[in-house]
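Letter by letter, the chains look like this.
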There are 4 protein chains.
Amino acid sequence: MNNTVIFTRKVNFYETDAQGIVHHSNYPRYFEEARGFFLEKYGFPYYRVREDLGVDIVLLKLDVEYKKPLFYGDICFIHITLSSMDRYFFTFEYKVYKDNELVTAGFTKHCCIDRSSRRMVSIPDQIKNLFKDG
Amino acid sequence: MNNTVIFTRKVNFYETDAQGIVHHSNYPRYFEEARGFFLEKYGFPYYRVREDLGVDIVLLKLDVEYKKPLFYGDICFIHITLSSMDRYFFTFEYKVYKDNELVTAGFTKHCCIDRSSRRMVSIPDQIKNLFKDG
Amino acid sequence: MNNTVIFTRKVNFYETDAQGIVHHSNYPRYFEEARGFFLEKYGFPYYRVREDLGVDIVLLKLDVEYKKPLFYGDICFIHITLSSMDRYFFTFEYKVYKDNELVTAGFTKHCCIDRSSRRMVSIPDQIKNLFKDG
Amino acid sequence: MNNTVIFTRKVNFYETDAQGIVHHSNYPRYFEEARGFFLEKYGFPYYRVREDLGVDIVLLKLDVEYKKPLFYGDICFIHITLSSMDRYFFTFEYKVYKDNELVTAGFTKHCCIDRSSRRMVSIPDQIKNLFKDG
């Protein structure tokens, strides 16, 4: 399985901190935006996952490596890859580039839960099938 | 009606921006924290409003005047006053002080909505009664 | 003076709250993004204001009226207008539309400060001239 | 080296998302607050690190494991431990408890940089000495 999508993002002023750089807590948000973009590209936006399937995608694990800072006004390119998926769990990898330089890398591990019971369910076929032939 | 409560807040680093000061979008959040503290002081915390009464408090209007900046590590004192309440609407006023100097002032206007229908309802008696003799 | 620019924005999941809607503190951030877009459209992005002119734009007053909620995945159109500018102060007005319906309105009042002294300065000519013939 | 400090934190409404739980991007912020509290407990608050030593503490790596959600109004206890420190790098570990149950675990790896050059410097003695006899 190897599906990479590139999501372009411009840094907002309110995402900077008093060090003059993007505060580290914004990268998990950039990653989330990239995941949303990824699902859209595959034709199944997250709001439909929630509404049509009654499923929430939750985050189990987050890992970020900060190599270079980003500054206000920077444009970065987030390469997001669905790197693994089994019956219950799936993992995305992220590489954030600015001017062809890797500034941040990370991954997130997820599962699906039923929206009302908040219990883990197996990944719905409608999601699995999107990536079958990736 | 004149009920003032003082909420003490310390500025977090992640609330600063590249100007080195607290980003203006955090003051509405400080105000929200002050409202939560206010309701608790009156014995009816917001999660009980939501769970026991099935009601959400929504914001209709927000007004903030920024007089002086706040910096990382600053301790400020938010004076919150319930300044008016009728059948449907209520208004809080906020004065944020640092070292006895007024740094920010604002108000917020609210109403209550039913959590499932998201339609406006009259303010529940349990809330009105809290402030009757204020 | 009447310069209106339309900025398109999609709602992120992390901008929602437990009421299921966009948290009100995000609108000042949307407005800031719209201002950045506005300055860019006029050929003078904010990072150049900061770096070339040594000037920070600060917020003096913020006013938001919340008419309808926004939800995750919504696309909204922020109409931003520079509604007044004198020697020291300028004001932007914002109207946020979704499906041709006005969901939020607001304005922000600003001045310029010297980045090192943090004292107010008159609005630099390079900024004033942008809008002279607007 | 084993220095554990417990930081108590109450969940704010604006930290929740449309899943009704604390959005995952807030935990790095809670960790940062805990670090600030940790430095204060040891008598050397971060603003003094910045101002007296001219040093910024930067984040190199972030790791979070989400075991249970937190909800609005929850009170959690963040156990923060300085788990390693050598000439250049130091690592904090975090365990977040609610009702004696571990809800989140994580670590962050840091180094110090000179505030003007933004280049890595060895950890200042004033910081190292704080923890010598920990």
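Residues numbered from 1 in each chain as written. Chains lettered and ligands numbered in written order. Predicted model: local features only at pLDDT ≥ 70, side-chain atom pairs only at ≥ 80, totals over all residues. Heavy atoms only, no water.

Caption draft 1: Just the relation of the copies chain B and chain C, in detail. Placing chain B over chain C gives an RMSD of 0.0 Å and needs a rotation angle of 180°, together with 0.0 Å of translation along the axis. Between the two chains, the operation in question is that of a two-fold axis. When C-alpha positions in chain B are compared against the rotation axis, the closest is assigned to Asp-63 of chain B, at 2.3 Å. Both copies share a contact surface, since 100% of the interface residues of chain B are interface residues in chain C too. (Least-squares fit on C-alpha atoms with pLDDT ≥ 70 in both. Contact = heavy atoms within 4.5 Å.)

Caption draft 2: Up close: the relation of the copies chain D and chain A. Once turned by 180° and shifted 0.0 Å along the axis, chain D lies on chain A with an RMSD of 0.0 Å. When the interface residues of chain D are mapped onto chain A, 100% of them again lie at the interface, so the same face is used by both copies.

Caption draft 3: Representation of helix H1 (residues 27–41) of chain B. Residue and element names in this part refer to chain B. For H1, built from 15 residues, the straight-helix expectation of 21 Å at 1.5 Å per residue is met to within 8% by its first-to-last C-alpha distance of 21 Å. In terms of burial, H1 is largely enclosed, as 12 of its 15 residues are buried. Those residues of H1 not exposed but buried are Tyr-27, Pro-28, Arg-29, Tyr-30, Phe-31, Glu-32, Glu-33, Ala-34, Arg-35, Gly-36, Phe-38 and Leu-39. Just downstream of H1, Gly-43 is the residue with a positive phi angle, here 85°. (Helix = DSSP H or I, 4+ residues; strand = E, 2+ residues; numbered from the N terminus. Expected span 1.5 Å × (residues − 1). Buried < 20%, exposed > 50% of the residue type's maximum accessible area, 1.4 Å probe, protein only.)

Caption draft 4: How the structure looks around the interface of chain D and chain A. In this assembly, 26 residues from chain D lie in contact with 26 residues from chain A. Inspection of the chain D/chain A interface yields 2 salt bridges. In this structure, Lys-61 of chain D and Asp-63 of chain A form a salt bridge, with 2.6 Å as the shortest nitrogen-oxygen distance. Counting across the interface, chain D meets chain A through 18 residue pairs in polar contact (both at pLDDT 80 or more). Elements with a contribution of two residues or more to the side of chain D that touches chain A: helix H1 (27–41), helix H2 (46–53) and strand E2 (55–66) of chain D. Sort the elements by how many residues they give to the side of chain D that touches chain A and E2 of chain D lands first, with 11 residues. Classifying every residue of the side of chain D that touches chain A gives 12 nonpolar, 5 polar and 9 charged. As defined by bridge partners, strand E2 (residues 55–66) of chain A adjoins E2 of chain D across 5 bridges and the pair is classed as antiparallel. Its bridge partner being in E2 of chain D, Asp-63 of chain A is matched across the sheet by Asp-63 of chain D. (Salt bridge = Lys/Arg side-chain N within 4 Å of Asp/Glu carboxyl O. Polar contact = N/O pair within 3.5 Å; in protein donor to acceptor, adjacent residues only side chain to side chain. Nonpolar A, V, L, I, M, F, W, Y, C, P; charged D, E, K, R; others polar. Pairing = 2+ DSSP bridges.)

Caption draft 5: Expanded view of the side chain of His-24 of chain C. With respect to the helices, strands and loops of the structure, His-24 of chain C is situated in the loop between strand E1 (3–10) and helix H1 (27–41). Once residues within four sequence positions are removed from consideration, His-24 of chain C is found in contact with Pro-28, Glu-32, Arg-35 and Leu-59 of chain B together with Tyr-66 of chain C.

Caption draft 6: Broad picture of the environment of Pro-124 of chain C. Residue and element names in this part refer to chain C. Within the element layout of this structure, Pro-124 appears in the loop between strand E6 (120–121) and helix H3 (125–131). For Pro-124, a relative accessible area of 13% puts it in the buried group. Distance in space between the C-alpha atoms of Pro-124 and Tyr-88 is 9.3 Å, their sequence separation being 36 residues. Contact partners of Pro-124, with chain neighbours within four places excluded, come to Leu-53, Val-55 and Cys-112.

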